[in-house]
Amino acid sequence: MKRLRVASSLLFLSGFLLLYYAYYLASPIYLTFAIFNMGLGYGVGIENKTAIKVALVYAGVTFFFSLLFLIAGNPMALVEVAISFFIIHDILSYIKVVVQEEEAEEGPETGTEE
């Protein structure tokens, strides 16, 4: 089973949505964030630790600001809130599994120190 499939797919989806905005509004800022999202999607897909950390922080910030836009009355922000939520959920689930695997490899401490 390939881990982080949902997070990498959603990062690519978010990148494609930003590409649409970049084309529609002719904005280089949206293009920059679209490329950033797709780069994070690739890094998360190959399970690069730095990309996973950056994606978690980026998704958290995006979730926070999208939630503020949703509260302010922008119903289209619901899509970005849902995408960010599922990215955060998938990455945190991955971290939990990795920590459990590392603890299982270490095993119980059998040595006695005096």
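Just so it is clear, the structure is predicted and the values come from calculations on it, not from any experiment. (Residues numbered from 1 in each chain as written. Predicted model: local features only at pLDDT ≥ 70, side-chain atom pairs only at ≥ 80, totals over all residues. Heavy atoms only, no water.)

This paragraph deals with the UniProt feature "transmembrane region" (unreviewed entry) in the protein. Summarizing the sequence annotation, UniProt attributes the feature "transmembrane region" (unreviewed entry) to residues 52–71 in the numbering used throughout. Secondary structure across residues 52–71 comprises 100% helix and 0% strand; the distance between its end C-alpha atoms is 28 Å. (UniProt positions renumbered as here; feature names shortened; annotations may be inferred. Helix = DSSP H or I, 4+ residues; strand = E, 2+ residues; numbered from the N terminus.)

Take the side chain of N37 next. Structurally, N37 is set in helix 2 (residues 28–45). For N37, the side chain forms a polar contact with the side chain of Y58, separated by 3.2 Å. Apart from the residues within four sequence positions on either side, N37 is in contact with L11, S14, G15, L18 and Y58. (Polar contact = N/O pair within 3.5 Å; in protein donor to acceptor, adjacent residues only side chain to side chain. Contact = heavy atoms within 4.5 Å.)

To continue, consider the pattern of salt bridges. Scanning the entire structure with this criterion turns up 2 salt bridges. Between R3 and E47 there is a salt bridge, with the nearest N and O atoms lying 3.8 Å from each other. In this pair, R3 sits in the segment before helix 1 (5–25) while E47 sits in the loop between helix 2 and helix 3 (49–72), placing the two residues 44 residues apart along the sequence. Taking the relative accessible area as the measure of exposure, E47 reaches 27% and is therefore partly exposed. Notably, a salt bridge pairs E101 with R3, separated by 3.2 Å at the nearest N-O pair. Remark: R3 occurs in the segment before helix 1 and E101 occurs in helix 4 (residues 77–106); sequence separation between them is 98 residues. By relative accessible area, which is 39% here, E101 ends up partly exposed. When salt bridges with common partners are traced through the structure, they connect R3, E47 and E101 into a single cluster. (Salt bridge = Lys/Arg side-chain N within 4 Å of Asp/Glu carboxyl O. Buried < 20%, exposed > 50% of the residue type's maximum accessible area, 1.4 Å probe, protein only.)

We now examine the packing of helix 3 against helix 4. Their axes nearest at 8 Å, the elements helix 3 and helix 4 cross at an angle of 150 degrees. Relative to helix 4, the element helix 3 lies roughly antiparallel. Crossing of helix 3 against helix 4: the hand is left-handed. Contacts between helix 3 and helix 4 involve I52, A55, L56, A59, G60, T62, F63, S66, L67, F69 and L70 from the first element and A77, L78, E80, V81, S84, F85, I87, I88, I91, L92, Y94 and I95 from the second. Tallied by class, residues from the contact of helix 3 with helix 4 come to 18 nonpolar, 4 polar and 1 charged. (Axes fitted to C-alpha atoms, helices over the stretch in contact; angles between N-to-C directions. Parallel < 35°, antiparallel > 145°, perpendicular 65-115°, else oblique. Left-handed = near helix turned anticlockwise from the far one by under 90°. Nonpolar A, V, L, I, M, F, W, Y, C, P; charged D, E, K, R; others polar.)

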